[in-house]
Amino acid sequence: AEIDAALSDAGPGSHRVRLTASPHPTLLVEVTPEEPVPAEPPPVTATSAPGAWHPGLRIAEHKTLSYAGHRWSQRGAEAHGADHALLLDGAGRLG
């Protein structure tokens with residue numbers, strides 16, 4: 001019912017829906033318009049971020065809201081003119 005209400009409020013067209021539920025209980029429904037896909041998508045660039053991936057770190061094995069390491073890597077990629085950062089472990093392997 002919450003999703004139907006959010007989509008009804010959003011109006012016509014294609015939309016992206018994000019549903020967040022917690023044990024508190026909290027239910028959050030976010031609806032954003034879907035952007036049209038261009039006929040010729042722009043190229044995507046990436047750079048590597050050595051040492052940014054830590055496969056032995058237990059927290060890295062779980063979904064978490066802690067994005068500090070990822071944001072640091074993304075900012076480094078953007079500083080080098082790239083769209084994305086490829087996270088590498090200490091041995092240079094892709095995460």
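Located above this text is the structure these notes cover.
Residues numbered from 1 in each chain as written. Predicted model: local features only at pLDDT ≥ 70, side-chain atom pairs only at ≥ 80, totals over all residues. Heavy atoms only, no water.

A. Spatial organisation of the side chain of Gln 74. Along the chain, the position of Gln 74 falls in helix 2 (residues 68–79). Once residues within four sequence positions are removed from consideration, Gln 74 is found in contact with Asp 83, His 84 and Ala 85. (Helix = DSSP H or I, 4+ residues; strand = E, 2+ residues; numbered from the N terminus. Contact = heavy atoms within 4.5 Å.)

B. Just the pattern of salt bridges, in detail. What the rule picks out here adds up to 2 salt bridges. The partner of Arg 16 in a salt bridge is Glu 34, with the nearest N and O atoms 2.8 Å apart. With Arg 16 in strand 1 (residues 15–22) and Glu 34 in the loop between strand 2 (26–33) and strand 3 (46–49), this residue pair connects regions lying 18 residues apart in the sequence. Among the residues examined, Glu 34 registers a relative accessible area of 37% and is labelled partly exposed. The closest approach of N and O atoms between Arg 93 and Asp 89, which form a salt bridge, is 2.8 Å. Among the residues examined, Arg 93 registers a relative accessible area of 55% and is labelled exposed. Exposure remark for Asp 89: the relative accessible area of 6% places this residue in the buried category. (Salt bridge = Lys/Arg side-chain N within 4 Å of Asp/Glu carboxyl O. Buried < 20%, exposed > 50% of the residue type's maximum accessible area, 1.4 Å probe, protein only.)

Limitation: the analysis is restricted to geometry and does not speak to function.
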